[in-house]
Each structure stands twice: as structure tokens, then as C-alpha cells.
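Fold and contact review
Here is what each chain is made of, one letter per residue.
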Amino acid sequence: MIELRNLYKIYGSGENEVRALDGINLTINKGEFVAIVGQSGSGKSTCMNIIGCLDVPTSGQYILEGIDVSTMHDDRLSEIRNKKLGFIFQQYNLIQGISILENVELPLLYAGLSKAERKEKAMKALARVGIQAKAKNFPSQLSGGQQQRVSIARALAGNPSVILADEPTGALDSKTGKEVLRFLQELHSEGNTIVLITHDNSIARKAKRIVRLSDGKIIYDGPSDDPNAVVSADESGVNG
Ligand SMILES: Nc1ncnc2c1ncn2[C@@H]1O[C@H](COP(=O)(O)OP(=O)(O)O)[C@@H](O)[C@H]1O
Ligand SMILES: [Mg+2]
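Our subject in this report is the structure included herewith. Keep in mind that what you see is a predicted model, and the values were worked out from it rather than measured.

Rules of the game
- Residues numbered from 1 in each chain as written.
- Chains lettered and ligands numbered in written order.
- Predicted model: local features only at pLDDT ≥ 70, side-chain atom pairs only at ≥ 80, totals over all residues.
- Helix = DSSP H or I, 4+ residues; strand = E, 2+ residues; numbered from the N terminus.
- Rg over C-alpha atoms; globule rule 2.2 N^0.38 Å.
- Contact = placed C-beta atoms within 7 Å.
- Pairing = 2+ DSSP bridges.
- Near = placed C-beta within 6 Å.
- Core = buried A, V, L, I, M, F, W, Y, C linked by C-beta atoms within 7 Å.
- Buried ≥ 20, exposed ≤ 12 C-beta atoms within 10 Å, placed from the backbone.
- Axes fitted to C-alpha atoms, helices over the stretch in contact; angles between N-to-C directions.
- Parallel < 35°, antiparallel > 145°, perpendicular 65-115°, else oblique.
- Left-handed = near helix turned anticlockwise from the far one by under 90°.

Comments concerning the overall build of the protein
Secondary structure summary: the protein contains eight helices and 10 strands in total. Relative to the globule expectation of 18 Å for 240 residues, the C-alpha radius of gyration of the protein, 18 Å, shows essentially globular dimensions. Here the C-alpha coordinates of the protein stretch approximately 55 × 40 × 30 Å along the principal axes. Within the protein, contacts between residues separated by at least 24 positions form 65% of all contacts whose residues are at least 6 apart in sequence.

Focus on the pairing of strand β2 (residues 18–28)
Relative to β2, strand β1 (residues 2–11) runs antiparallel, the two sharing eight bridges. Bridge pairing in β2 links L7 to I24. Two successive antiparallel strands, β1 and β2, enclose a turn made up of six residues, where G12 displays a positive phi of approximately 70 degrees.

Comments concerning the site of ligand 1
Around ligand 1 sit Y11, V18, A20, G38, S40, G41, S42, G43, K44, S45 and T46, and that is every residue in its neighbourhood. Those elements that place two or more of their residues in the shell around ligand 1 are β2 and α1 (44–51). Sort the elements by how many residues they give to the shell around ligand 1 and α1 lands first, with three residues.

A word on the nonpolar core
Nonpolar side chains in soluble globular proteins generally cluster together in the buried interior. Counting residues in each nonpolar core, the largest one holds 61 residues, and the members touching the most others are I36, V104, A153, L164 and V195. If one sorts the elements of this core by residue count, helix α5 (residues 144–157) sits on top with six residues. The residues touching V104, leaving out its near neighbours within four places in the chain, are A122, A125, L126, V150, A153, R154 and A157.

Description of the sheet that holds β1
The antiparallel open sheet is built from four strands, whose spatial order is β2-β1-β4-β5. The open sheet has two edge strands with one neighbour each: β2 and β5 (67–68). Relative to strand β4 (residues 59–64), β1 runs antiparallel, the two being bridged by five bridges. The partner of I2 across the bridge, within β4, is L64. Here α1 sits on the sheet in contact with β1, β2 and β4, set at roughly 55 degrees to β2.

So, the environment of S40
Mapped onto the elements of the fold, S40 is located in the loop between β3 (33–37) and α1. As for S40 and P227, which are separated by 187 residues in sequence, their C-alpha atoms are 21 Å apart.

A closer look at unusual backbone geometry
Positive phi, close to 55 degrees, is recorded for C53, a residue that is not glycine. Among the secondary structure elements, C53 is positioned in the loop between α1 and β4. Positive phi values are uncommon outside glycine, yet N159 reaches one of about 55 degrees. Locating N159 in the fold gives a position in the loop between α5 and β7 (162–166). When the 12 C-beta atoms within 10 Å are taken as the criterion, N159 is described as exposed.

Points about the packing of helix α3 (residues 100–110) against helix α4 (residues 115–128)
At their nearest, the axes of α3 and α4 sit 9 Å apart, and the two run at 120 degrees to each other. With respect to α4, the axis of α3 lies oblique. The handedness of the crossing between α3 and α4 comes out as right-handed. Residues I100, L101, V104, E105, L108 and L109 of α3 pack against R118, K119, K121, A122, A125 and L126 of α4.

In short, the description is geometric, and any link to function would need to be established separately.
Given below as C-alpha cells:
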């Protein structure tokens, strides 16, 4: 489903060169629940942006459902993004001036669905996260946890191939954060492919598989219940 082959993202040049991604090889299969973890600056967001077709690599290949998207231009890339990917962000990224329903409908509008289809799919997604009663409310009238549910509904509405969640619990209290995580686990058990980005080991453990980044390289890739999965290189001293 997702295949990164010898992938590099390099910023700057000469003395100022930063290898945000430094030779990444990663395959994520359909139905997997993977957490990408690592300390601040390790390359998580860069990786998420490339997997999410929000950015392209400096070199290497990214194959998404058999399509090489690594050299695509913006318009094709946004089309792929719209069809295949659902995003959940730390700050929910809801639009304040429009209703909950309209927020969830927005990606469906970009995808070219009719008004009736948009409403049907959006209401279904809101029901899925248990928040259909708030459809006519505005984001500011909802709690943080409710807003994150709306953003999950928005991610789900288009029936994406992959759900990408970047620190989805980062702005929530621990109880609400746990609810959101449980929800992601539920979506996984229903067959959805989920890639979760987090710097928090206790959250990462909820995924089945952990990929740990350090300085743009993968230093662990395996089951989340392996003790090595939650130990960073500098803590273990293994990688100096
Ligand atoms: N647009 C950019 N220009 C220059 N350097 C960048 C840019 N974006 C990220 N970086 C650098 O790339 C590295 C990885 O960043 P990032 O992917 O944001 O890490 P993380 O999300 O794990 O904190 C960092 O050293 C960061 O400073
Ligand atoms: Mg980041």
C-alpha cells in the first residue's frame, strides 16, 4: 500500500545541509496500524508530509497503491491526496466560520461529489464518531475532544485508503486523548490503514507496529510490544 524506497529529503546545501530523511526504506501494508515515533527534529513531520502527498522527496521513490507519486506535480498530487488520504491534525484544523457538517463536507466538495452525496456521506461519518447531533453547530461551540471527533469524521468521510494522524492527542487532556486513541484502534479493527505520528511512547504502544526515527534514519521497525520499540538510541547508548 505504502512503499518508501531509498527516500531522502534534504534541506539546504553545503554546511547548512539537513538530511530530514536520510535513506528511508519502509513498507506499510493494507490494514496495518503503524506509529512513527522519534524525538523532536528526527524527521516525523517530514515523513508524514511525504506519505500524505503534501511534499515530495529530494530523491528516492514513494509508491502509493502501486502509483509512483514521488515525482508528481501539485495538481495530480492534490488529486491523489483527496482520493486516498484522510488527515487528522493536532490542532483539528477545522474552519471556524462554517458548520460542523460543512467542515466534514469540504473534502468531498473538492472530490467533486454532488450536494446530496456530500451530505449523506458527511452525516454518516459524523454518526460514526457519535456527533451527528452537533452537525449544525460551529467548531467553537464544541469541546476539544468533540472537535477532534469532527476532524476524524472529516478524515473518514471520503473513505480514504490511509488515515494519517499527526500527534492527534497532542492538544487533548489525557482522558480525552485516550478516547481518541481507542477510536483509532476501533477504526483499525474495522480494516482501516492508520499511520500515527507521535513523540509519546505510551501512545505509540497502542499501535501494532512502531517505526522509530532518529536523525532521518529508521533505527527500529517492529512490534510495539518489543522492549526495544520504546527505547531511543541515546537512552540505550546502542547507537552512540
Ligand atoms: N522547511 C525546512 N527547511 C529546513 N529544514 C527543515 C525544514 N523542515 C524541517 N527541517 C529540518 O529537518 C529535520 C526534521 O524535521 P521534522 O520532520 O519537522 O522533525 P519532527 O517532526 O520529528 O520534529 C529538522 O532538523 C528540521 O529542522
Ligand atoms: Mg513534527
